[in-house]
Each structure stands twice: as structure tokens, then as C-alpha cells.
Amino acid sequence: MTVASLASATVPAAPTSALAGGSFYVQTGAFSTMENAERQRGAVRSYGASEVSQASAGGRDVWRVRLGPYTTADAAGIVADRLKRSGYGDARVVSE
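The rules behind the values
- Residues numbered from 1 in each chain as written.
- Predicted model: local features only at pLDDT ≥ 70, side-chain atom pairs only at ≥ 80, totals over all residues.
- Heavy atoms only, no water.
- Core = buried A, V, L, I, M, F, W, Y, C linked by side-chain atoms within 4.5 Å.
- Buried < 20%, exposed > 50% of the residue type's maximum accessible area, 1.4 Å probe, protein only.
- Helix = DSSP H or I, 4+ residues; strand = E, 2+ residues; numbered from the N terminus.
- Contact = heavy atoms within 4.5 Å.
- Expected span 1.5 Å × (residues − 1).
- Arc of directions from axis to C-beta.
- pLDDT = per-residue confidence, 0-100.
- Pairing = 2+ DSSP bridges.

## Things to note about the nonpolar core
Okay, step 1: One finds V26, V44, L67, Y70 and L83 to be the most contacted residues of the largest nonpolar core, which totals 18 residues.
Okay, step 2: Looking at this core, the elements that each hand over two or more residues are β1 (24-31), α2 (34-44), β3 (60-70) and α3 (73-85).
Okay, step 3: The leading source of residues in this core is α3, at five residues.
Okay, step 4: Beyond its immediate stretch of four places on either side in the chain, V44 contacts T28, V65, L67, L83 and Y88.

## Points about α3
Okay, step 1: Taking 1.5 Å per residue, 13 residues should reach 18 Å; α3 reaches 18 Å between its end C-alpha atoms and fits that length.
Okay, step 2: Buried residues of α3: A73, A76, G77, V79, A80 and L83, and no others. In a view along the axis of α3, the buried residues occupy a sector of 165°, so they form one face of it. Of the residues in α3, the exposed ones pointing more than 90 degrees away from the buried face are D74, I78 and R85.
Okay, step 3: Tucked into the core, α3 has its buried residues touching β1, α2, β3 and β4 (92-95).
Okay, step 4: In the segment just after α3, G87 is the residue with positive phi, at about 105°.

## Regarding the confidence of the model for the protein chain
Okay, step 1: Per-residue confidence for the protein chain gives a mean pLDDT of 84; residues scoring 70 or more make up 77%.
Okay, step 2: Within the protein chain, the element-level pLDDT minimum falls on helix α1 (residues 3-10), averaging 41, and the maximum on α2, averaging 98.

## Some thoughts on the environment of A75
Okay, step 1: Relative to the helices and strands, A75 is located in helix α3.
Okay, step 2: Each C-alpha atom of the pair A75 and F24 lies 8.5 Å from the other, and the pair is 51 residues apart in sequence.

## Comments concerning the pairing of β3
Okay, step 1: A large share of β3 lies buried, amounting to eight of its eleven residues.
Okay, step 2: Where β1 lies against β3, six bridges are found, and the strand directions are antiparallel. Counted as the bridge partner of G29 is V65 from β3.
Okay, step 3: Here eight bridges tie strand β2 (residues 50-57) to β3, and the two strands are oriented antiparallel to one another.

## Quick look at unusual backbone geometry
Among all residues save glycine, negative phi is the norm, and among peptide bonds the norm is trans.
Okay, step 1: Residue P69 is reached from G68 by a cis peptide bond, and omega for that bond is 10°.
Okay, step 2: Relative to the assigned elements, P69 resides in strand β3.

Printed below as a string of C-alpha cells:
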């Protein structure tokens, strides 16, 4: 199982229509090293405010790259679609 799929287990993607209220983010990836996460953060910076946050997936530490927060799921979805068209196929909307 890859680190990205492990992270998916802890932060499930949800259809934008299913998310209601709260803060929305676009997660572009999850990495086993902070260095790789920072590298991707630099690559996606032009799409909006970005952050690297640490989480746990399958008992292992991962570093997630996220853009946002966005006030609506639709706004986050627009950014996720742009990222997917630019080659970031793992981009997805998550809610906190």
C-alpha cells in the first residue's frame, strides 16, 4: 500500500455535494517524508495558499500537502479540478 493510499484511509474524499459547512481544503498528496511534501508544496504554491501538516495513517507518520482553506466545497472543487488537469491526479477536496 502506498503512503498516498494510506492517507486516503484517514482522510476520505467526499463528493463536493456531500460536504456541508466548515473549512474545505484541496489535498494534493501525502508523503512519507517532510522533504517530499515541501517539494510538492513549492510546486503547487501558484494555485493558492498551501500548507504541510503531519498526520498518522496506518500507524505511520505522513505529511499532507493542502491548499486552502476555502469557504465552500465548490470553491475547493474548482481548484482541485485545475490541479487534476495540471497533472496532480490525486488532488481532492477534504473537509475539517
